[in-house]
Amino acid sequence: MSKRVAAVLVAGAMVTVLTACGSGGGGSAGKSSGGKLVVGFSQVGAESGWRTANTKSIQDAAKKAGIELKFSDAQQKQENQIKAIRSFIQQKVDVIAFSPVVESGWDTVLKEAKDAHIPVILTDRAVDSKDESLYASFLGSDFVEEGKKAGDWLVKEYASAGGDVNIVQLEGTTGSAPANDRKAGFADATKGDPKFKVVASQTGDFTRAKGKEVMQAFLKAQPKIDVLYAHNDDMALGAIQAIEEAGKKPGTDIKIVSVDGVKDAFTAMSQGKINYDVECNPLLGDQLMDLVKKVKAGEQVPRRIKTEEGTFTPEQAAAALPTRQY
């Protein structure tokens, strides 16, 4: 286990002491097969390198913990996740965990899980339900803070700039928590200086292909682009292809700030193509399985568990690249 992951686990334990509350009655779920705990997990999809690493972390951690994992890939469609959750309820799993495609529209199916006495854990992304009794806990990053870190870097980078700084923004999946929050955090960090102008902002669905496509459109429509802010690395990497094909130099002609911290982005940073990256840790598996056991046992758990994450300059990324896990 890395020192960073160990620190996250310690932080989670500290939060438990400070903000513990009821877990939502996890002890009365259905019987598991062969004495094993059974967890139904619905993943957003496989839209990025981050998501692939997140899935592997959860699958590996379940195997290590001796937990039976029923896995479903929603392919970035909310209806697929709702169908999967209802299937988990019918199968009487012990705990349901999922990373919501979007924030809204979950109350009905979560009430069905609650009525079946199956506790639910949110991972990576939150929901906007006003009824917090519908889930036991949320384990994941602070997306607003990630956006703020990206904006803070930009403010410092252009502190002495005299003219306007034209920014294009590649947003994540429309309606998703990371897209909403990373946009809000970035806007909050840059709003104090009128020279920062977002001249175009459009979803790239967190994918490399769509990131390239949207960046191509930005380059055609905008006569002057100083900065690209991407809500994840895969979109930034796709945009880099578009920038290079347009005869421009990413990282120099157009500064790039992104979020995730995946290995491919670190490679691009070491080549000077991305100027700053805000980390979003996908390795949540061990924390999730520990949380599953506590919820099933009826223990008190925190409503919110944050992961610890850093930021990287090109020099720091180059140094970390040889040992990067994802």
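The rules behind the values
- Residues numbered from 1 in each chain as written.
- Predicted model: local features only at pLDDT ≥ 70, side-chain atom pairs only at ≥ 80, totals over all residues.
- Heavy atoms only, no water.
- Phe/Tyr/Trp six-rings, centres within 6.5 Å; stacked < 30°, edge-to-face > 60°.
- Helix = DSSP H or I, 4+ residues; strand = E, 2+ residues; numbered from the N terminus.
- Buried < 20%, exposed > 50% of the residue type's maximum accessible area, 1.4 Å probe, protein only.
- Pairing = 2+ DSSP bridges.
- Expected span 1.5 Å × (residues − 1).
- Arc of directions from axis to C-beta.
- Contact = heavy atoms within 4.5 Å.
- Polar contact = N/O pair within 3.5 Å; in protein donor to acceptor, adjacent residues only side chain to side chain.
- Axes fitted to C-alpha atoms, helices over the stretch in contact; angles between N-to-C directions.

## Quick notes on the packing of aromatic side chains
Describing an aromatic ring pair means giving the distance of the ring centres and the angle of the ring planes. Considering all chains together, one arrives at five aromatic pairs under this definition. Relative to Y276, the ring of W153 has its centre 5.3 Å away and its plane inclined at 10°; by these criteria the two rings are stacked. Of the two residues, W153 sits in helix α5 (residues 143-157) while Y276 sits in strand β11 (residues 276-279), which places them 123 residues apart along the sequence. Accessibility assignment for this pair places W153 and Y276 in one class, buried.

## With respect to the pairing of strand β2 (residues 38-43)
When you tally the buried positions in β2, you get six out of six residues, the bulk of the element. The alternating pattern of β2 places V38, G40 and S42 on one face and V39, F41 and Q43 on the opposite face, and all of these are buried. Bridging between β2 and strand β3 (residues 68-73) involves six bridges; their strand directions are parallel. Looking at the pairing, V38 lines up with E68 of β3. Alignment of β2 against strand β4 (residues 95-98), held across four bridges, turns out to be parallel. Bridge pairing links S42 to F98 in β4.

## Considerations on α5
Quick reminder: α-helices carry 3.6 residues per turn. Residues three or four places apart thus point the same way. Between its first and last C-alpha, α5 extends 21 Å over 15 residues, near the 21 Å set by a 1.5 Å rise per residue. Along α5, the residues classified as buried are F143, E146, G147, A150, G151, W153 and L154. The arc that holds every buried residue of α5, seen down its axis, measures 155°, which confines them to one face. Residues of α5 that are buried in the fold lie against β7 (165-171), α6 (177-190), β8 (196-203), β9 (227-230), β10 (255-260) and β11. The N-cap of α5, judged by a side-chain oxygen 3.2 Å from the amide nitrogen of V144 a few residues on, is D142.

## Quick look at the sheet that holds β8
Strand order across the open sheet formed by six strands is β8-β7-β9-β10-β11-β14, with mixed pairing between neighbours. Only two strands of the sheet have a single neighbouring strand rather than two, namely β8 and β14 (311-312). Sheet analysis places β9 next to β10, joined by three bridges and oriented parallel. For V227, the partnering residue across the bridge sits in β10 and is K255. Here α5 sits on the sheet and contacts β7, β8, β9, β10, β11 and β14; the angle it forms with β11, its principal contact strand, is near 155°.

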